[in-house]
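Overview (structure and organization)
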Amino acid sequence: MGALVGKVAIVTGAGQGVGRCHAELLAAEGAAVVVNDISERAEETAAAIVAAGGRAVAQRGSVSWWADAEALINRAVSEFGDLHILVNNAGFLRDAMSFSMDESQWDSVVDVHLKGHFAPSHFAALYWRSQAKAVGEGGDLVPRRIINTTSESGLFGGPGQSNYASAKGGIVAMTLVHARELQRYNVTVNVIAPRARTPMTVANPKFDEPESGFDKYDPANVSPMVAFLASDAAGDVSGQAFIVLGDQIHRIRPTTILSSVTAGEQRWTVADLIAAKDVLFSGVAPGVPTWGGPPM
Ligand SMILES: NC(=O)c1ccc[n+]([C@@H]2O[C@H](COP(=O)([O-])OP(=O)(O)OC[C@H]3O[C@@H](n4cnc5c(N)ncnc54)[C@H](O)[C@@H]3O)[C@@H](O)[C@H]2O)c1
């Protein structure tokens, strides 16, 4: 018996890469999957799942189009009778340094990632709230899940990715907001930062498949964590963030107070802040933080 038998899941951007691996594993674990992508590859992934004995349908559309996002949630309910798991994954890159980035590069990437996470989450939350209200006060609420996708770029600041890192950082904040908002409806909301060889990253030789041994950057390595977070076993895990690559899972807390100074019930003066600088930085260099992710 799989960990997700009886569940209905949506995976966005599941036509290739990490999203396709998520859709295939969720289906192998027993979930019925609505495979979303903006491209015809949505149908290919759904067909591959069905050919392997799973349950899947394709729902083509853009995650950042309000009407498409609503149609995506409705398709899960009309096709499979409910929605338990939403995996927000779709997106693309349009990299440029801040001094070279044009307006369309900024708008398109922020749109596909940030709005592309919010729009399906909004319609899923709306549906789940209506279901919870139908159950009524004190009734047994069905477990629901949102699993979002950030990036180490959004956590640590990837040069050349003002658009992408800003959107991905926003997705971490959105995860915390939605975890708090939807707790009362038995919805958990978590976020992962994958690292894998996909059409998005294949140009980087560091992701190349090794000639022998464990293929650290196989995108299928990321999906078990998503299936775990989607399962009933993770019902108490919410508002959490993870870097997932190869055989490694790093639990992180991006928003932690590192050190504090207080002025003692009065406004700080600039002179006092200059004097307190060494205490605030507690002996560490106050300059640009170095990349904080796990090494390649
Ligand atoms: N691959 C990595 O190492 C890595 C690292 C950090 C974060 N991520 C994130 O993981 C997610 C998946 O990345 P990937 O590497 O598999 O990328 P990918 O390019 O292989 O796949 C992304 C999929 O999203 C689809 N898509 C694009 N715009 C869409 C839209 N508007 N609506 C619906 N689908 C759309 C594409 O058609 C594609 O099939 C992305 O959010 C990405 O930012 C990936």
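The following refers to the structure shown.

Along the protein chain, the regular secondary structure elements total eight helices and eight strands. Over its C-alpha atoms the protein chain spans a radius of gyration of 21 Å, differing by no more than 12% from the 19 Å that the globule rule assigns to 296 residues. For the protein chain, the C-alpha atoms occupy an extent of roughly 70 × 55 × 40 Å along the three principal directions. Across the 296 residues of the protein chain, 45% fall into the buried class.

This structure, assessed with the given rule, holds four aromatic pairs. Ring centres of phenylalanine 207 and tyrosine 217 lie 4.9 Å apart, and the angle between their planes is 55°; this geometry places the pair in the tilted category. Of this pair, phenylalanine 207 sits in the loop between β6 (187–194) and α7 (223–230) while tyrosine 217 sits in the loop between β6 and α7, and the two are 10 residues apart along the sequence. Using a relative accessible area of 7% as the deciding quantity, one classes phenylalanine 207 as buried. Given a relative accessible area of 5%, tyrosine 217 falls into the buried group. Following the ring pairs from residue to residue traces out a cluster consisting of Trp66, Phe118 and Phe123.

Attention now goes to the pattern of salt bridges. This model, assessed by the stated rule, comprises seven salt bridges. Between aspartate 82 and arginine 144 there is a salt bridge, with the nearest N and O atoms lying 2.8 Å from each other. Pair noted here: aspartate 82 is in the loop between α3 (66–80) and β4 (85–87) and arginine 144 is in strand β5 (residues 144–149), with a separation of 62 residues, a long-range link. Overall, the relative accessible area of 15% leaves aspartate 82 in the buried class. Where arginine 195 meets glutamate 152, a salt bridge forms, and the shortest distance between an N and an O atom there is 2.8 Å. Here arginine 195, found in the loop between β6 and α7, pairs with glutamate 152, found in helix α5 (residues 152–156); they are 43 residues apart in sequence, far enough to count as distant. The buried category is assigned to arginine 195, whose relative accessible area is 8%. For glutamate 152, a relative accessible area of 5% translates into the label buried.

Its place among the elements puts glycine 169 in helix α6 (residues 162–182). Setting aside its immediate chain neighbours within four residues, glycine 169 contacts Thr150 and Gly154.

For the rest of this paragraph, the subject is the packing of α3 against helix α4 (residues 103–135). Following both chains from N to C, one finds α3 and α4 inclined at 45°, their axes separated by 9 Å at the closest point. Relative to α4, the element α3 is oriented oblique. In this structure, α3 meets α4 at a crossing whose hand is right-handed. In contact with Trp66, Ala69, Glu70, Ile73 and Val77 of α3, α4 contributes Lys115, Phe118, Ala119, Pro120, His122, Phe123, Ala124 and Tyr127. For the contact of α3 with α4, the residue count by class is 10 nonpolar, one polar and two charged.

About the thresholds
In this convention, every chain numbers its residues from 1, walking through the sequence in written order. Since the coordinates come from a predicted model, pLDDT governs what is reported: local features require at least 70, and pairs of side-chain atoms require 80 or more to be given and counted, while whole-chain, interface and lining totals use all residues. Derived side-chain values reflect all non-hydrogen atoms in the structure, with water molecules and hydrogen atoms excluded from consideration. In this description a helix means any DSSP run of H or I spanning at least four residues, a strand means any run of E spanning at least two, and both kinds are numbered starting from the N terminus. Each radius of gyration reported is based on C-alpha atoms, and the globular scaling rule is 2.2 Å times the count of residues to the power 0.38. In this scheme, a residue with accessible area under 20% of its type's maximum is buried, one over 50% is exposed, and one in between is partly exposed, where area comes from a 1.4 Å probe on protein chains only. Only rings of Phe, Tyr and Trp enter the pairing, Trp through its six-membered ring, and a pair is recorded when the two centres are within 6.5 Å. The plane angle decides the type: under 30 degrees is stacked, over 60 is edge-to-face, the rest tilted. Counted as salt bridges are all cases of a side-chain nitrogen of Lys or Arg within 4 Å of a carboxyl oxygen of Asp or Glu. Whether two residues are in contact is decided by their heavy atoms, any of which lying within 4.5 Å being enough. Axes here mean lines fitted to C-alpha atoms, for a helix over just the part in contact, with angles spanning 0 to 180 degrees between N-to-C directions. Here is the rule for angles: anything less than 35 degrees is roughly parallel, anything more than 145 is roughly antiparallel, 65 through 115 is roughly perpendicular, and the remaining ranges are oblique. Note: crossing handedness is left-handed where the near helix turns anticlockwise from the far helix by less than a right angle, and right-handed where it turns clockwise. When residue character is reported, Ala, Val, Leu, Ile, Met, Phe, Trp, Tyr, Cys and Pro are called nonpolar, Asp, Glu, Lys and Arg charged, and the others, Gly included, polar.

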